[in-house]
Amino acid sequence: MVKVMAVIAVYSSKGGVGKTTIATNLGWCSAQLAARRTLLWDLDPADGAGFMFALEAQRKRQARSLFAGDIPAATLIQPSSYAGLDLLPADSSLRELDSMLLRMGQRHRIAMLSKQLARSYDRLILDCPLVLNELSAQVMRAATLVIVPLPPSPLSARALDHVVEEIRRHTTRPPPILPVYSMVDRRRSLHLEALAANPAWPAIPMVSSLEQCAVQRRPIGTFAPRTPAALAFGRLWEGIERKLAQITATPAPG
Ligand SMILES: Nc1ncnc2c1ncn2[C@@H]1O[C@H](COP(=O)(O)OP(=O)(O)OP(=O)(O)O)[C@@H](O)[C@H]1O
Ligand SMILES: [Mg+2]
């Protein structure tokens, strides 16, 4: 079987819905459970992914220079403490990334960079900022699959429609979307209703061990591997791999 690189964007137009928690834990699952050479690429100037993996904060504000082509990715990429998982961390210079991409006028800049990174990685996982703009449009053009974290509420379907609409507006060939319920509390009837409305959507439970990821600065699989939340991430990753296999089953031209 030919190995094909995949770009997995974790994206929502809403803040605080679990994007960074999902992106970082999926990065670990990809590298450690599936033995994929994985790069977690943080596009959010808040640098949540770097924090979650206990990387030193970047002193030089260089992240933006990668997009301008001024420095190679290798200058910025850092190994994590886990085999197979590297990070391309963010810093505050990414606050100006959106306007810079617009000025550059290269609509596929992130897709081009992803192709270059594909020489060294099987899976790129993008932790995206929440704004809908040139940056998110470029992410959608680069993505093989878009994960949309949704807190379970009857409003989730509407939030998802919103993302779908935005993606359609920005791409000629919209990438497939996988909605994921991100903070599920099965004691709440509203959450159960939301789950029943979309039984095929994967679900990650709302548990303190996932909050602990940001305290311990480690993915859940490293400190609570047999818990329902860690197992839910393992299943989510398997589902993603199955989806990627379907998507990439169509042979590329040439
Ligand atoms: N399943 C969960 N159970 C418990 N807490 C969670 C869960 N998912 C996320 N959290 C917590 O919710 C908060 C927001 O999560 P996170 O930072 O992953 O969201 P985000 O969408 O990346 O936010 P932002 O838009 O600010 O980047 C964090 O404190 C995180 O620890
Ligand atoms: Mg985040």
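A brief report on the enclosed structure follows.

The rules we used
Residues numbered from 1 in each chain as written. Chains lettered and ligands numbered in written order. Predicted model: local features only at pLDDT ≥ 70, side-chain atom pairs only at ≥ 80, totals over all residues. Helix = DSSP H or I, 4+ residues; strand = E, 2+ residues; numbered from the N terminus. Buried ≥ 20, exposed ≤ 12 C-beta atoms within 10 Å, placed from the backbone. Axes fitted to C-alpha atoms, helices over the stretch in contact; angles between N-to-C directions. Parallel < 35°, antiparallel > 145°, perpendicular 65-115°, else oblique. Contact = placed C-beta atoms within 7 Å. Nonpolar A, V, L, I, M, F, W, Y, C, P; charged D, E, K, R; others polar. Expected span 1.5 Å × (residues − 1). Arc of directions from axis to C-beta.

## Some words on unusual backbone geometry
Reasoning step 1: One non-glycine residue, alanine 35, lies in the positive phi region at around 55°.
Reasoning step 2: Within the secondary structure, alanine 35 sits in the loop between α1 (19-33) and β2 (38-42).
Reasoning step 3: According to the C-beta neighbour criterion, alanine 35 is exposed, with 11 such atoms within 10 Å.
Reasoning step 4: With a phi close to 60°, aspartate 47 is a non-glycine residue in the positive phi region.

## Quick notes on the packing of helix α5 (residues 97-104) against helix α7 (residues 134-142)
Reasoning step 1: Axis separation between α5 and α7 bottoms out at 8 Å; the angle between their running directions is 70°. What the angle tells us is that α5 and α7 run roughly perpendicular. Together, Leu97, Asp98, Leu101 and Leu102 of α5 and Glu134, Leu135 and Gln138 of α7 make up the contact between the two elements.
Reasoning step 2: Of the residues assigned to the contact of α5 with α7, the class counts are 4 nonpolar, 1 polar and 2 charged.

## Observations regarding helix α8 (residues 156-170)
Reasoning step 1: If you check α8, its first and last C-alpha atoms are 21 Å apart, about what 15 residues at 1.5 Å a residue would give, namely 21 Å.
Reasoning step 2: Considered for burial, the residues of α8 that qualify are Ser156, Val163 and Ile167. For α8, the arc enclosing every buried residue in end-on projection is 40°, short of the 170-degree limit, so these residues lie on one face. Projecting away from the buried face of α8 at angles above 90 degrees are the exposed residues Arg158, Asp161, Glu165, Arg168 and Arg169.
Reasoning step 3: Buried residues along α8 sit in contact with α7, β6 (145-150) and α9 (189-197).

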